Amino acid sequence: MACRRLGYDRPMDDPATIRPMRPEDADPAAEVMIGGGWGDRRKFLAFAARHAACRPFVAEVDGRIVGTGVATVNGSVGWVGMIFVDEALRGRGLGTTLTTTVMDALEAAGCRSMALLASPLGRPVYDRLGFSAEMDYRMLVAPAGGRPEEAIGVAGAIDRAADEDGASRLRAYAPADLQAILELDRAATGEDRSHLLREVVGPDETVVAVRVSGELVGFDARVPWGTHPTVAPALPDGIRLLDARRRRSAAGSDVRTAIPEVNRAGLAVLENLGWRGERGLTRMVRGAAIDWHPDAIWGQVNYAIG
Ligand SMILES: CC(C)(COP(=O)(O)OP(=O)(O)OC[C@H]1O[C@@H](n2cnc3c(N)ncnc32)[C@H](O)[C@@H]1OP(=O)(O)O)[C@@H](O)C(=O)NCCC(=O)NCCS
């Protein structure tokens, strides 16, 4: 089947039917992913099945869920996420069909740009569908707790930079911060993620960086499935927010985030503070250019929404 609007062809021996995901599909869909070694996505799938800006789909063979894909409408930018196919059914075009279904949903919702974070397995599928690699993200992990001894010099330099920058301090979110958070997020991402942020920010989950003047210059929010969208245009604020996340995480646990590789200064400081790089993902885009600021991004909603 050819989709002329988007200009790609669908493979011919498509083995499954695709339909919208219902709330009761979240558990069986998550089981397929766990079986394929892709981690437990149950909480996110359940959220996507009821969240208006998400259009989740499942692929079914004989009534059994064998694949997933989630479209998320962030204003004019649409995210392609959770493209997953049961290992036994790969290489037959199903991943491509799920991706084109998500792309059609985004186009129908008026998205002029599409973005995704590609794994090595997904990359060839997206290449063929007209996505181009924009930049890599480095996934980072650090033990919970404070700054390690050897990093005190670096930490001092960050604190001095923050002071020269107008001395931002961190505090818990208050409802009056919402508008500034939404504006900061829109400027950093070039997207409208207000549908999600309005739902997840709160005093127990969100820390903000605020200058003495009262200006909000960064935030770290926690979403129900455990990841943290974190935005701060200035390096000292981004580092302090990630440091604070480490301090309030349970001792013995690991803290994870991912930042765009182009933020070389940020990566160098984080590595000095004990964060270690793991495998990366590639941000790929299609359609109208997105006006965003990768240096302001210190953490994601997840890899399906950006
Ligand atoms: C990525 C993923 C979804 C791809 O699913 P898939 O069903 O195998 O995808 P497709 O079949 O459409 O394409 C995969 C390959 O099959 C080939 N193929 C597609 N249609 C075909 C057909 N009709 N006949 C034969 N081969 C076909 C494609 O050319 C492609 O080959 P290549 O990538 O080796 O060049 C799957 O590998 C997966 O679930 N991986 C784990 C999760 C993951 O990484 N997801 C991506 C997140 S960004």
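Everything discussed here concerns the structure shown above.
Residues numbered from 1 in each chain as written. Predicted model: local features only at pLDDT ≥ 70, side-chain atom pairs only at ≥ 80, totals over all residues. Heavy atoms only, no water.

Asks: I would appreciate a short explanation of the overall build of the chain in the present structure.
Replies: Helix and strand counts for the chain come out as nine helices and 15 strands. Counting all 306 residues of the chain, 54% fall into the buried class. Accessible surface, the chain: about 13300 Å² in total, of which carbon and sulfur atoms supply 52%. (Helix = DSSP H or I, 4+ residues; strand = E, 2+ residues; numbered from the N terminus. Buried < 20%, exposed > 50% of the residue type's maximum accessible area, 1.4 Å probe, protein only. Areas by Shrake-Rupley, 256 points an atom, 1.4 Å probe, with all protein chains shown as cover.)

Asks: Looking at this model, I keep getting lost on the pattern of salt bridges. Mind explaining?
Replies: Note that side chains of opposite charge can pair when their charged atoms are close. Tallied over the full model, the rule gives 19 salt bridges. A salt bridge links Glu199 to Arg50; its shortest N-O distance comes to 3.1 Å. Taken together, the residues span a long stretch of sequence, with Glu199 in helix 7 (residues 194-200) and Arg50 in helix 2 (residues 42-50) at a distance of 149 residues. Owing to a relative accessible area of 39%, Glu199 belongs among the partly exposed residues under this scheme. The class for Arg50 is exposed, based on a relative accessible area of 55%. Residues Arg245 and Asp220 are paired through a salt bridge, measuring 3.0 Å at the closest nitrogen-oxygen approach. Within this pair, whereas Arg245 is found in helix 8 (residues 235-248), its partner Asp220 is found in strand 11 (residues 216-220), the two being separated by 25 residues in sequence. (Salt bridge = Lys/Arg side-chain N within 4 Å of Asp/Glu carboxyl O.)

Asks: Whenever I open this one, the sheet that holds strand 8 (residues 132-143) confuses me. Can you help?
Replies: Remark on secondary structure: sheet strands pair via backbone hydrogen bonds, oriented parallel or antiparallel. Read from one edge to the other, the open sheet built from eight strands follows the order 3-4-5-6-7-14-8-13, with strand pairing classed as mixed. Of all strands in the sheet, those bounded by a partner on one side alone are strand 3 (17-20) and strand 13 (254-260). Within the sheet, the average angular offset between the axes of one strand and its neighbour, ignoring direction, is 25 degrees. Note: strand 6 (residues 77-85) against strand 7 (residues 113-118), three bridges, orientation parallel. Opposite Gly78, over in strand 7, you have Met114 as the bridge partner. Across the sheet, helix 1 (residues 26-35) touches strand 5 (64-74) and strand 6, and the angle it forms with strand 5 is around 105 degrees. The strands touched by helix 3 (residues 94-108) are strand 3, strand 4 (54-61), strand 5, strand 6, strand 7 and strand 14 (276-287); relative to strand 6, the strand with the most contacts, the crossing angle is about 155 degrees. (Pairing = 2+ DSSP bridges. Axes fitted to C-alpha atoms, helices over the stretch in contact; angles between N-to-C directions. Contact = heavy atoms within 4.5 Å.)

Asks: Quick question: what am I supposed to make of the sheet that holds strand 10 (residues 207-210) here?
Replies: Spatial ordering of the open sheet is given by 9-10-11-12-15, a layout of five strands whose pairing is antiparallel. Because the sheet does not close on itself, it has two edges, and the strands there are strand 9 (169-172) and strand 15 (297-299). Where strand 9 and strand 10 come together, four bridges link them in antiparallel fashion. From the neighbouring strand, Arg169 faces strand 10, where its bridge partner is Val210. Strand contacts of helix 6 (residues 178-189): strand 10, strand 11, strand 12 (230-231) and strand 15, with the helix running at about 85 degrees to strand 11, the strand carrying the most contacts.

Asks: Before we go on, may I ask you to explain unusual backbone geometry in this structure?
Replies: Only a minority of non-glycine residues have a phi that is not negative, and only a minority of peptide bonds are not trans. Despite not being glycine, Asp62 has its phi angle at roughly 50 degrees, a positive value. With relative accessibility at 81%, the residue Asp62 sits in the exposed group. In this model, Met82 sits at a positive phi of 55 degrees, which is unusual for a non-glycine residue. Turning to its location among the elements, Met82 is positioned in strand 6.

Asks: What should I look at first to understand the side chain of Asn263 in this one?
Replies: Among the structural elements, Asn263 can be located in the loop between strand 13 and helix 9 (264-272). Asn263 sits in the buried class, given a relative accessible area of 5%. Among the polar contacts made by the side chain of Asn263, one reaches the main-chain amide nitrogen of Gly266 at a distance of 2.9 Å. (Polar contact = N/O pair within 3.5 Å; in protein donor to acceptor, adjacent residues only side chain to side chain.)

Asks: When you look at helix 9 in this model, what are you seeing that I'm missing?
Replies: Three or four residues apart is the spacing at which side chains of an α-helix point the same way, because the helix has 3.6 residues per turn. When we look at burial in helix 9, the residues that qualify are Gly266, Leu267, Val269 and Leu270. Mapping the buried residues of helix 9 onto a view down its axis gives an arc of 165 degrees, with all of them on the same face. Positive backbone phi, approximately 100 degrees, marks Gly274, located one or two places after helix 9. (Arc of directions from axis to C-beta.)

Asks: What's the story with the packing of aromatic side chains in this structure? I'm lost.
Replies: Aromatic ring pairs are reported here in terms of the distance separating the ring centres and the angle at which the planes meet. Tallied over the entire structure, the rule returns five aromatic pairs. The interplanar angle of 35 degrees and the centroid separation of 5.2 Å between the aromatic rings of Trp38 and Phe84 together place this pair among those described as tilted. Of the two residues, Trp38 is situated in the loop between helix 1 and helix 2 and Phe84 in strand 6; the sequence distance between them amounts to 46 residues. On the basis of relative accessible area, Phe84 is assigned to the buried category, the value being 5%. A centroid spacing of 6.1 Å and a plane angle of 70 degrees characterise the contact between Tyr126 and Phe131, whose relative ring orientation is edge-to-face. With respect to class, Tyr126 is no different from Phe131; both count as buried. (Phe/Tyr/Trp six-rings, centres within 6.5 Å; stacked < 30°, edge-to-face > 60°.)

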